[in-house]
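# Residue-level structural notes
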Amino acid sequence: MSTKTGAPLPAAEGRRRSRLLRWVGGIIATGLVVGLAAIWAFGPTIGTALWGRPVFLVPPTPECYATTVFDIAGRQGIYAGSELFAVARARAEEAVADADSIADTYPHIDAILAAAGGKHSTLMLPGVVPKERQADLIPTVESGGQVVTVILPATDASWDGQAYVDAVAPALVESLRGDGCAVILDLRGNTGGDMGPMLAAVSPLLPDSDVLWFSTPLYDTPVTITGNSVRGGGTPMSAQVDEKFQVPVAVLTDSMTGSSGEVIMLAFRGLENSRSFGGPTAGYASANTTIEMPDGASILLTTAHNKARTGEIFGENPVEPDRVTVSAERAAREWIGQQGCGDAD
């Protein structure tokens, strides 16, 4: 009697395929469960790190919403290691435990952000939109003589940063190629915004270097000018020019010069050919991160202070110019004249 060999019997093949499908289905189901569990447990943390917003598997309760912000502030805030923050967090956690709505947690979140990040940190409520740029708030270059005046207003990441750069850098280069022998850089009224376009706009006046650092208790992160490009601070930007000029630069400041406006001031601090004139600044010389929440609110949290090339670290105190005066432009022109630029008087 012979036994037939070869392909498996149809019934046996069906049972094998069924076991394989159950095995694969089990792996997929297990993966989905593990994935959902990971999102549930770590979505707020991973989402914040990767996409700038916490990820919730289901709409968060008021307490979950608030404690997520508390955790972010505790990880990233410049003062998160302070006793003030620890006390503020304990009080806030108790206060939000029985909150009826997310809106009820907003005042406690704001208090936590202030404790973790200082005065430059806050909660932007849902529906609050930035003011639109006014028509006259555009950067300008005036070159009526040998002293070129550059006016840099506040900017914003939602504006066309390249247009901002292009309004300054080419005109500045053209003026300095001609009769220009010094620059007045007017930062009065510059309340801040996106520092990338601002730095790129004046990059022809800055040497290739780390122009300042974002300083934390653990490490410093540089903001760098290479050629006429900036990286490490704000939106990376490049000016469509290829020249550098080492001319006297007088920087004008007032009490409205803040945040990224102060960054531009500090980028010139310590250079031999630059001095600052006017009033002390607003005292927001720090770096913020912005984190969007699922209800449309945004967290503004200070994560670092600004460190100048001189080694000085600035944060919430006003930055004093080299010469404090109510006649900033006159003082600037006097100093420029002392540097040998002809029409400064």
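Just so it is clear, the structure is predicted and the values come from calculations on it, not from any experiment. (Residues numbered from 1 in each chain as written. Predicted model: local features only at pLDDT ≥ 70, side-chain atom pairs only at ≥ 80, totals over all residues. Heavy atoms only, no water.)

## Points about the overall build of the protein chain
If you tally the helices and strands in the protein chain, you get nine helices and 14 strands. Across the 345 residues in the protein chain, those meeting the buried criterion constitute 42%. For the protein chain, the share of sequence-separated contacts (at least 6 apart) that also reach a separation of at least 24 residues comes to 71%. Here the protein chain has roughly 17,800 Å² of accessible surface; of this, 55% comes from carbon and sulfur atoms. (Helix = DSSP H or I, 4+ residues; strand = E, 2+ residues; numbered from the N terminus. Buried < 20%, exposed > 50% of the residue type's maximum accessible area, 1.4 Å probe, protein only. Contact = heavy atoms within 4.5 Å. Areas by Shrake-Rupley, 256 points an atom, 1.4 Å probe, with all protein chains shown as cover.)

## With respect to the packing of helix α2 (residues 62-76) against helix α4 (residues 102-117)
Contact pair α2 / α4: the axes reach a minimum separation of 10 Å and the direction vectors enclose 10 degrees. Relative to α4, α2 is oriented roughly parallel. Of the residues in α4, those in contact with Pro 62, Tyr 65, Ala 66, Val 69, Phe 70 and Ala 73 of α2 are Ile 102, Thr 105, Tyr 106, His 108, Ile 109, Ile 112, Leu 113 and Ala 116. Taken together, the residues of the contact of α2 with α4 sort by class into 12 nonpolar, two polar and no charged. (Axes fitted to C-alpha atoms, helices over the stretch in contact; angles between N-to-C directions. Parallel < 35°, antiparallel > 145°, perpendicular 65-115°, else oblique. Nonpolar A, V, L, I, M, F, W, Y, C, P; charged D, E, K, R; others polar.)

## A look at the sheet that holds strand β9 (residues 249-253)
A sheet is described by the order of its strands in space; here six strands give the open sequence β2-β3-β4-β9-β10-β14, paired in mixed fashion. The open sheet has two edge strands, β2 (140-142) and β14 (323-324), and neither has a second partner. Of the strand pairs in this sheet, β9 and strand β10 (residues 274-278) are connected by five bridges, and their pairing is parallel. Looking at β10, one finds that Val 251 is bridged to Ser 276. Packed onto the sheet, helix α6 (residues 169-177) meets β2, β3 (147-151) and β4 (182-186) and runs at close to 170 degrees relative to β3. (Pairing = 2+ DSSP bridges.)

## Things to note about the confidence of the model for the protein chain
In the predicted model, the protein chain carries a mean pLDDT of 86, and 79% of its residues have values of at least 70. Below pLDDT 50 for its whole length, residues 29-43 participates in 11 contacts with residues either more than four positions away or in separate chains. (pLDDT = per-residue confidence, 0-100.)

## Focus: the packing of helix α3 (residues 83-96) against α4
A pair of packed helices is captured by two measures, namely the crossing angle of their axes and the spacing between those axes. Relative to each other, α3 and α4 sit at 170 degrees, their axes nearing to 9 Å. Between α3 and α4, the angle falls in the class roughly antiparallel. Together, Leu 84, Phe 85, Ala 88, Arg 89, Ala 92, Ala 95 and Val 96 of α3 and Thr 105, His 108, Ile 112, Ala 115 and Ala 116 of α4 make up the contact between the two elements.

## Quick notes on the nonpolar core
Counting 47 residues, the largest nonpolar core has Leu 152, Leu 185 and Phe 268 as the members making the most contacts within it. The biggest single contributor to this core is helix α8 (residues 260-268), with six residues. If you look at the next biggest cluster of nonpolar residues, it comprises 22 residues, including Tyr 65, Ala 92, Ile 291 and Ile 299. (Core = buried A, V, L, I, M, F, W, Y, C linked by side-chain atoms within 4.5 Å.)

## Quick word on the pairing of β10
Counting buried positions along β10 gives four out of five residues, so the element sits mostly inside the fold. Where β10 lies against β14, two bridges are found, and the strand directions are parallel. Across the sheet, residue Phe 277 finds its bridge partner in β14, namely Arg 323.

## Describing α3
Between the first and last C-alpha of α3 there are 20 Å, a value that for 14 residues agrees with the 20 Å anticipated at 1.5 Å per step. On its buried face, α3 sits against α2 and α4. (Expected span 1.5 Å × (residues − 1).)

## Let's talk about unusual backbone geometry
Phi is positive for Ser 259, which is not a glycine, with a value near 55 degrees. With respect to the secondary-structure elements, Ser 259 resides in the loop between β9 and α8.

## What about the packing of aromatic side chains?
Enumeration according to the criterion identifies two aromatic pairs in this entry. Between Phe 277 and Trp 335 the ring centres are 6.1 Å apart and the planes differ by 50 degrees, which places this aromatic pair in the tilted class. Taken together, the residues Phe 277 in strand β10 and Trp 335 in helix α9 (residues 328-338) connect sequence positions 58 residues apart. Each of the two residues, Phe 277 as well as Trp 335, counts as buried. The cationic tip of Lys 119 hangs over the ring face of Tyr 284; the distance from NZ or CZ to the ring centre is 4.5 Å. (Phe/Tyr/Trp six-rings, centres within 6.5 Å; stacked < 30°, edge-to-face > 60°. Lys NZ or Arg CZ within 6 Å of the ring centre and 35° of its normal.)

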